[in-house]
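So you can see what is in the structure, the chains are spelled out below.
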Amino acid sequence: MRHFELLDYVSIDTETGIINLTTTREVHSKPIVAMRREGGYVVISASYGPLEISLRPRFEELTRVLARLQPVEGLQTTRQVGTGQAFLALGSQTSGELILRPTIVADATGHLSFNLLLAVPVRQALYEWLPVEGD
């Protein structure tokens, strides 16, 4: 069974254009997702302690998928942005929370993912920062 880490705090550095999503809970290896727009891409760094997954999905694809994302009962993630080897799996919850699963696939036998859940205010801040149309 998957264990999701709740990210309930957001900060935006207006000088660098980086948005940081993290938790206010005191945990040993604090999860952090940092994003910055670079041209037609969104650079994503998801770290948990010393582990990091870096992704670079296309901005238009990411915002289009987020705008159309709907909760589906029984499914945690319903869309993916990226390639078959490195992607961001996304899912919407009926409560308004957003699931982010940055994933690197080794081959058909395994993968590495971070299971992250964005609280509603953090999801809303992310949608405004990108911006996501239609939310």
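Notes on the structure follow. (Residues numbered from 1 in each chain as written. Predicted model: local features only at pLDDT ≥ 70, side-chain atom pairs only at ≥ 80, totals over all residues. Heavy atoms only, no water.)

1. Some details on the nonpolar core
Part 1 of the argument: By size, the foremost hydrophobic cluster in this structure holds 29 residues, and its most contacted members are Met35, Leu66 and Leu90.
Part 2 of the argument: When residues of this core are assigned to their parent elements, the largest contribution, 4 residues, is made by helix H1 (residues 59–68). (Core = buried A, V, L, I, M, F, W, Y, C linked by side-chain atoms within 4.5 Å. Buried < 20%, exposed > 50% of the residue type's maximum accessible area, 1.4 Å probe, protein only. Helix = DSSP H or I, 4+ residues; strand = E, 2+ residues; numbered from the N terminus.)

2. Things to note about the pattern of salt bridges
Part 1 of the argument: Per the counting criterion, the structure on display carries 2 salt bridges.
Part 2 of the argument: The salt bridge partner of glutamate 5 is arginine 25, with a shortest N-O separation of 2.0 Å. One end of the pair, glutamate 5, is in strand S1 (residues 5–7); the other, arginine 25, is in the loop between strand S3 (18–22) and strand S4 (31–38), and 20 residues separate them in sequence.
Part 3 of the argument: Taking relative accessible area as the criterion, arginine 25 reaches 42% and is therefore assigned partly exposed.
Part 4 of the argument: Between glutamate 38 and arginine 36 there is a salt bridge whose closest N-O contact spans 2.3 Å. (Salt bridge = Lys/Arg side-chain N within 4 Å of Asp/Glu carboxyl O.)

3. Quick look at H1
Since the α-helix advances by 3.6 residues per turn, residues separated by three or four positions end up pointing in the same direction.
Part 1 of the argument: Residues Phe59, Leu62, Thr63, Val65 and Leu66 constitute the buried set of H1. Projection of H1 onto a plane perpendicular to its axis shows the buried side chains occupying an angular sector of 160°, all on one side. H1 presents Glu60 and Arg68 as exposed residues on the side facing more than 90 degrees away from its buried surface.
Part 2 of the argument: Each element contacted by the buried residues of H1 is listed here: S4, strand S5 (41–48), strand S7 (79–82), strand S8 (86–92), strand S9 (98–107) and helix H2 (120–129). (Arc of directions from axis to C-beta. Contact = heavy atoms within 4.5 Å.)

4. Considering unusual backbone geometry
Part 1 of the argument: Cis peptide bonds are those with omega within 30 degrees of zero, and the linkage from leucine 130 to proline 131 qualifies with -15°.
Part 2 of the argument: Following the sequence through the fold, proline 131 ends up in the segment after H2.

5. Description of the packing of aromatic side chains
Part 1 of the argument: Enumeration over the complete set of coordinates arrives at 1 aromatic pair.
Part 2 of the argument: Its end group placed over the ring of tyrosine 41, arginine 56 keeps NZ or CZ at 4.1 Å from the ring centre.
Part 3 of the argument: Above the plane of the ring of tyrosine 127 lies arginine 123, whose end atom (NZ or CZ) is 5.0 Å from the centre. (Phe/Tyr/Trp six-rings, centres within 6.5 Å; stacked < 30°, edge-to-face > 60°. Lys NZ or Arg CZ within 6 Å of the ring centre and 35° of its normal.)

6. Considerations on the side chain of asparagine 115
Part 1 of the argument: Mapped onto the fold, asparagine 115 is located in the loop between strand S10 (110–113) and strand S11 (116–118).
Part 2 of the argument: For asparagine 115, a relative accessible area of 17% puts it in the buried group.
Part 3 of the argument: For asparagine 115, the side chain forms a polar contact with the side chain of arginine 101, separated by 2.5 Å.
Part 4 of the argument: Other than its neighbours up to four places away in sequence, asparagine 115 contacts Arg2, His3, Phe4, Glu5, Leu100 and Arg101. (Polar contact = N/O pair within 3.5 Å; in protein donor to acceptor, adjacent residues only side chain to side chain.)

7. Brief notes about the layout of surface pockets
Part 1 of the argument: Of the pockets and cavities examined, the largest pocket occupies roughly 170 Å³.
Part 2 of the argument: Residue lining of the largest pocket: 13 residues in total, with Val72, Leu75, Ser92, Gln93 and Thr94 positioned closest to the centre.
Part 3 of the argument: By residue class, the composition of the lining of the largest pocket is 6 nonpolar, 5 polar and 2 charged. (1 Å grid on protein atoms, 1.4 Å probe; cavity = no way out; pocket = protein on both sides within 12 Å on 5 of 7 lines; lining within 4 Å. Points joined across faces, edges and corners; volume = space filled by probe spheres on them. Nonpolar A, V, L, I, M, F, W, Y, C, P; charged D, E, K, R; others polar.)

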